[in-house]
Structures are given as C-alpha cells and as structure tokens.
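Summary of structural features
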Amino acid sequence: NEKNQRIIEAQKKFYVAPNRKDDPQAAAEDDAGSCEELINRILENDKKIVKVDLDGQELGRERETALFEALAQNNCVTSLSLVNCRIGNDGAVELKDALQNNSTLTYINLEDNQITSNAAQSLITVLKEHNETLQHLELKDNKVRSGLLTTISKLLEKRRGGKPSVSSNAQVSPVEVDSSTT
C-alpha cells in the first residue's frame with residue numbers, strides 16, 4: 001500500500017501531458033474537429049477564408065461532400081488545395097457540381113488523388129459549359145490520361161490570357177504607383 005502511494009505521488013510530480021500530435025488517434029480527432037469548423041466557416045462565407053489547404057488529410061466521403069456543398073454556396077474562397085487527400089471519382093463529381101455554382105474559385109490543386117479520366121472529363125465539361133472563373137486545375141499524379149490533362153491546361157490557359165501557370169509559392173513584388181502624375 002505504501003509502495004503504491006509513492007508511485008502515485010511520483011506520477012503526479014513527474015507526469016507530463018502527452019502531446020496530442022504525438023498520438024495519431026488524438027491528432028486525427030483534432031484534425032476532424034478543425035476540418036468541421038473550417039467547412040462551417042466556408043458555408044457561412046467567412047471573408048477571412050480565401051485559401052483552403054487540406055493537403056494530406058484523408059477527409060472521408062462525408063467531409064468531402066460537406067466541403068464541396070459548402071464551396072458551391074461560397075463566394076469568398078479563391079484557392080483550394082487537396083493534394084493527397086484520397087479524393088476519388090465521387091468527390092470529383094461533387095466538385096464538378098460545386099463548380100457549376102461557384103464563381104470565385106480560381107485555383108484548385110487535386111494532385112496525387114484517385115481521380116480517373118471519366119471524372120476529369122466531367123470537370124472539363126463543367127469548365128466549358130458552366131464555370132468561367134477557374135484558371136488553374138492541377139490533376140497530376142491521378143489516373144487521368146495525359147491528353148485530358150493537356151485539354152484542361154489549354155482550356156484554362158486561355159482564361160489566364162495565354163500566360164503560363166504561376167506557382168502558388170511565387171513571390172509577387174508590390175508595384176509602386178506615383179500619384180504625382182495623376
């Protein structure tokens with residue numbers, strides 16, 4: 001009994017709460033909660049949310065659906081990155097549906113997912129018939145035929161005025177305006 005008491009006292013004295021990021025289950029729960037909160041903010045058109053980057057997170061079908069439905073109604077988000085999120089054809093079709101209504105997204109990165117040529121073809125159709133604002137759509141490292149990737153690239157290049165795609169990591173220098181000449 002005395003030994004147990006000393007162990008309990010030592011535990012209280014030297015106990016350090018685990019870092020939730022070191023615990024995969026706890027980290028997944030935190031990510032899920034923050035993802036739900038982000039989707040709600042997108043749905044509410046939070047003007048502070050203009051760039052959504054969920055790279056590497058496995059969203060699951062429920063969250064994918066919620067995210068794409070929120071984006072369909074959103075008019076603030078301009079950039080969406082879902083690299084390596086295990087997005088499949090069902091998710092791509094939901095994104096296509098969102099793009100029919102969304103008029104603010106200009107950049108989408110879906111690299112390294114599980115999207116096939118059939119879903120890519122439906123994205124091309126919506127870009128030609130319903131959406132005029134998207135300028136960048138990256139589908140590299142999916143199961144999409146190179147010809148379709150070229151078609152998407154050429155279609156969106158026209159929207160950028162024939163300018164090549166600019167990396168999202170590029171630095172843009174501010175332009176100084178001389179107000180004395182106006």
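Going by the structure above, here's the rest.
These lines cover the structure that appears in this document, whether it is placed above or below. (Residues numbered from 1 in each chain as written. Predicted model: local features only at pLDDT ≥ 70, side-chain atom pairs only at ≥ 80, totals over all residues. Heavy atoms only, no water.)

Topic: the packing of helix α3 (residues 60-73) against helix α4 (residues 89-101)
It is the contact of α3 with α4, at a shortest axis distance of 8 Å, that shows an interaxial angle of 10°. Looking at the two axes, α3 sits roughly parallel to α4. Considering the relative orientation of α3 and α4, their crossing is right-handed. Here R61, E64, T65, F68 and A72 of α3 come into contact with α4, specifically with D90, G91, E94, L95, A98 and N101. (Axes fitted to C-alpha atoms, helices over the stretch in contact; angles between N-to-C directions. Helix = DSSP H or I, 4+ residues; strand = E, 2+ residues; numbered from the N terminus. Parallel < 35°, antiparallel > 145°, perpendicular 65-115°, else oblique. Left-handed = near helix turned anticlockwise from the far one by under 90°. Contact = heavy atoms within 4.5 Å.)

Points about unusual backbone geometry
Look at N45: it is not a glycine, yet its phi comes out positive at around 60°. You can see N45 is positioned in the loop between α2 (24-43) and β1 (51-53). Unlike most non-glycine residues, R86 shows phi in positive territory, near 60°. Secondary-structure assignment places R86 in the loop between β2 (79-81) and α4. What makes R86 partly exposed here is its relative accessible area of 46%. (Buried < 20%, exposed > 50% of the residue type's maximum accessible area, 1.4 Å probe, protein only.)

Side note on the pattern of salt bridges
Under the definition given, this model contains seven salt bridges. Across the pair R61 and E64 runs a salt bridge, and its minimum N-O distance is 2.5 Å. Note that R61 and E64 are positioned in helix α3 at a spacing of three residues, about one turn of the helix. For R61, a relative accessible area of 35% translates into the label partly exposed. A residue is classified by how much of its surface remains accessible, and E64, at 3% relative accessible area, is buried. Through salt bridges with shared partners, a single network forms among R61, E64 and E94. (Salt bridge = Lys/Arg side-chain N within 4 Å of Asp/Glu carboxyl O.)

Concerning the environment of E58
Relative to the helices and strands, E58 is located in the loop between β1 and α3. Distance in space between the C-alpha atoms of E58 and I87 is 8.2 Å, their sequence separation being 29 residues.

Digging into the packing of helix α5 (residues 117-129) against helix α6 (residues 146-159)
Here α5 crosses α6 at 20°, and the two axes come no closer than 10 Å. Here α6 runs roughly parallel to α5, going by the angle between their axes. In the packing of α5 onto α6, the handedness of the crossing is left-handed. Across from S117, A120, Q121, I124, L127 and K128 in α5, the residues of α6 making contact are L148, T151, I152, L155, L156 and R159. The residue inventory of the contact of α5 with α6, partitioned by class, reads seven nonpolar, three polar and two charged. (Nonpolar A, V, L, I, M, F, W, Y, C, P; charged D, E, K, R; others polar.)

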